[in-house]
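Descriptive analysis of the structure
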Amino acid sequence: MAEGSSFGVGGGSDEKGHKGLSPAPVPPGTAISRVKLLDTMVDTFLQKLVAAGSYQRFTDCYKRFYQLQPEVTKRIYDKFITQLQTSIQEEISEIKEEGNLEAVLNALDEIVEEGKDRQEPAWRPSGIPEKDLHSAVAPYFLQQRESLRLRVRKQEAENQQLADAVLAGRRQVEELQRQVQARRQAWQALHREQRELVAVLREPK
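Residues numbered from 1 in each chain as written. Predicted model: local features only at pLDDT ≥ 70, side-chain atom pairs only at ≥ 80, totals over all residues. Heavy atoms only, no water.

Another point: the UniProt feature "coiled-coil region" (unreviewed entry) in the chain. Residues annotated in UniProt with the feature "coiled-coil region" (unreviewed entry) correspond here to residues 145-179. Strand forms 0% of residues 145-179 and helix 100%; the C-alpha atoms that close the span are 50 Å apart. (UniProt positions renumbered as here; feature names shortened; annotations may be inferred. Helix = DSSP H or I, 4+ residues; strand = E, 2+ residues; numbered from the N terminus.)

Here we take up the pattern of salt bridges. Inspection of the entire model under this criterion finds six salt bridges. Of the charged contacts in the structure, one is a salt bridge between Lys96 and Asp39, with a shortest N-O distance of 3.0 Å. Highlighted residues: Lys96 in helix α4 (residues 70-98) and Asp39 in helix α1 (residues 34-52), separated in sequence by 57 residues. Taking the relative accessible area as the measure of exposure, Asp39 reaches 31% and is therefore partly exposed. Connected through salt bridges with shared partners, the residues Asp39, Lys96 and Glu102 form a single ionic network. (Salt bridge = Lys/Arg side-chain N within 4 Å of Asp/Glu carboxyl O. Buried < 20%, exposed > 50% of the residue type's maximum accessible area, 1.4 Å probe, protein only.)

Further remarks concern the environment of Leu101. For Leu101, the position within the fold is in helix α5 (residues 101-116). Here Leu101 is in contact with Leu38, Ile95 and Lys96, once residues within four sequence places are set aside. (Contact = heavy atoms within 4.5 Å.)

The subject of this paragraph is the side chain of Thr59. As for its position among the elements, Thr59 is in helix α2 (residues 55-61). A distance of 2.8 Å separates the side chain of Thr59 from the backbone oxygen of Gln56, its partner in a polar contact. (Polar contact = N/O pair within 3.5 Å; in protein donor to acceptor, adjacent residues only side chain to side chain.)

The structure is reproduced here in structure tokens:
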């Protein structure tokens, strides 16, 4: 009973199988592009998928048919595995095209490469999120607090000017009230004097 290889799919099958599923070993320290890493992950997934659906398991599921038609069973298995691989590869290719994954992953690789030559510390130099967030946000809040303090001082100065103007107005009103009271008293005194004078003039001689 023949066992299907990982991606030979039936050994001598003429159907188009997946190629390049055993990537060459990469020397330590060598940067691997994210596109190649994604392709390697897909290849590994397909290898494990074929291993999980081995020819032995396939024949166990269709034992009676295999016993009657072993060669036909083998061809059906090869065709099924090949079409399954092709379908998955096409789906992944469509996802990569729709999401523009290759361009995005290549751009991410470029960003990482450019970041290797940077001498200044990263946004999180300490590695402690709370500390780095505080160092990034605190200056903003301190600036906002100082701005608010300036506005408060400005408003307080304006309020003081208004208070001084109100106080000066009250003093002017009080002064006018005193002047009115003094004039009233003077008018009343003059009126009394006039009445007294009239009374003296009316007295018989």
